[in-house]
Amino acid sequence: MSDPTAGPMTTAELDFAVAAYAEDGVWTVTPLVLRGEPDLSALVSALRRYPGESGVIGMISIDEDFFIVLRLDGGRARLLISDVTAATEWPLAKQVLDELGIPLADDDDEQVPAGDLGIIADLGMTAMDLGALIDDVDLYPEEMLEEIADALGFGNQFHEAIEAIG
């Protein structure tokens, strides 16, 4: 965990950000290039550059603390954050909660997801399965995102993109 008084998040605290999209049934996963402090509008703008039959999916992991799944489909942005309490420390997490219309959690609140648990249900992972995955306290955000990628059929491409970043 980082010090919330230390100022804005830097790309050093960003574990990774990738875009995943399918064309002709073939998935492509590519690292997102973000300049400066990652924020929600920058992520949406970065994702808009990619095509995709079923939209483009952004997968963002922050400081091994939480993750965000962002899906652009038909101009509409759908959001899921793995831990509402992250918004007390991370500006990006607060932006997600603001966009979802969810009040800031207290430090002693339970670490629960917020947003659209059905965000990828049409692609192969039900809201129930995604919720159960997020509830697994033994997994890091990267491991959860890896399981999501596997379930959706682009696990190998996801792993290669993460390796290219690191």
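That block above? That's the structure.
Cut-offs used in this document
- Residues numbered from 1 in each chain as written.
- Predicted model: local features only at pLDDT ≥ 70, side-chain atom pairs only at ≥ 80, totals over all residues.
- Heavy atoms only, no water.
- Core = buried A, V, L, I, M, F, W, Y, C linked by side-chain atoms within 4.5 Å.
- Buried < 20%, exposed > 50% of the residue type's maximum accessible area, 1.4 Å probe, protein only.
- Helix = DSSP H or I, 4+ residues; strand = E, 2+ residues; numbered from the N terminus.
- Contact = heavy atoms within 4.5 Å.
- Expected span 1.5 Å × (residues − 1).
- Arc of directions from axis to C-beta.
- 1 Å grid on protein atoms, 1.4 Å probe; cavity = no way out; pocket = protein on both sides within 12 Å on 5 of 7 lines; lining within 4 Å.
- Points joined across faces, edges and corners; volume = space filled by probe spheres on them.
- Pairing = 2+ DSSP bridges.
- Axes fitted to C-alpha atoms, helices over the stretch in contact; angles between N-to-C directions.
- Nonpolar A, V, L, I, M, F, W, Y, C, P; charged D, E, K, R; others polar.

A. Quick look at the nonpolar core. If you look at the biggest cluster of nonpolar residues, it comprises 30 residues, and the most contacted ones within it are Leu32, Ile60, Phe66, Ile68 and Ile81. Put simply, the parts of the chain that give this core at least two residues each are strand 1 (14-23), helix 1 (40-47), strand 3 (56-62), strand 4 (66-73), strand 5 (76-81) and helix 2 (91-100). Sorting elements by how many residues they give to this core places helix 1 first, with 5 residues. When sequence neighbours within four positions are dropped, the list of residues in contact with isoleucine 68 reads Gly58, Met59, Ile60, Leu79, Leu80, Ile81, Leu92 and Val96.

B. Local environment of helix 4 (residues 141-152). For helix 4, spanning 12 residues, the distance from its first C-alpha to its last is 17 Å, which sits close to the expected 16 Å at 1.5 Å a residue. What helix 4 keeps buried is the set Pro141, Met144, Leu145, Ile148, Ala149 and Leu152. Angular distribution of buried residues about the axis of helix 4 spans 140°; they occupy a single face of the element. Just beyond helix 4, the residue with positive phi is glycine 153, at close to 100°.

C. Expanded view of the layout of surface pockets. Its boundaries defined by the atoms lining it, the largest pocket holds a volume of some 280 Å³. As for the largest pocket, its lining consists of 16 residues, of which Asp65, Gln111, Ile134, Val137 and Met144 are closest to the centre.

D. Local environment of the pairing of strand 1. Of all 10 residues making up strand 1, 8 are buried, and the element is well covered by its neighbours. Remark: 2 residues form the turn of the hairpin made by strand 1 and strand 2 (residues 26-31), two consecutive strands paired antiparallel; aspartate 24 in that turn has positive phi of roughly 55°.

E. The arrangement of helix 2 in detail. For helix 2, the complete set of buried residues consists of Leu92, Ala93, Val96 and Leu97. Burial along helix 2 is one-sided: seen end-on, the buried residues are contained in an arc of 140°. In the core, the buried residues of helix 2 are packed alongside helix 1, strand 3, strand 4, strand 5 and strand 6 (114-115). Glycine 101, located one to two residues past helix 2, shows a positive phi value of around 75°.

F. Molecular detail of the packing of helix 4 against helix 5 (residues 155-165). Across the interface, helix 4 lies against helix 5 with an axial gap of 7 Å and an inter-helix angle of 145°. Here helix 4 contributes Glu142, Leu145, Glu146, Ala149 and Asp150 to the contact with helix 5, which in turn contributes Gly155, Phe158, His159 and Ile162. Taken together, the residues that form the contact of helix 4 with helix 5 break down as 4 nonpolar, 2 polar and 3 charged.

G. Geometry of the pairing of strand 3. Judged by how many residues are buried, strand 3 sits mostly within the fold: 7 of 7 residues are covered. The pairing of strand 1 with strand 3 spans 7 bridges and is antiparallel. Following the sheet pairing, phenylalanine 16 is matched in strand 3 by serine 61. Direction of pairing for strand 3 relative to strand 4: antiparallel, over a ladder of 7 bridges. Bridging across to strand 4, isoleucine 57 finds its partner in arginine 71. Hairpin geometry of strand 3 and strand 4 is characterised by an intervening segment of 3 residues between the two adjacent antiparallel strands and by a positive phi of about 50° at aspartate 63.

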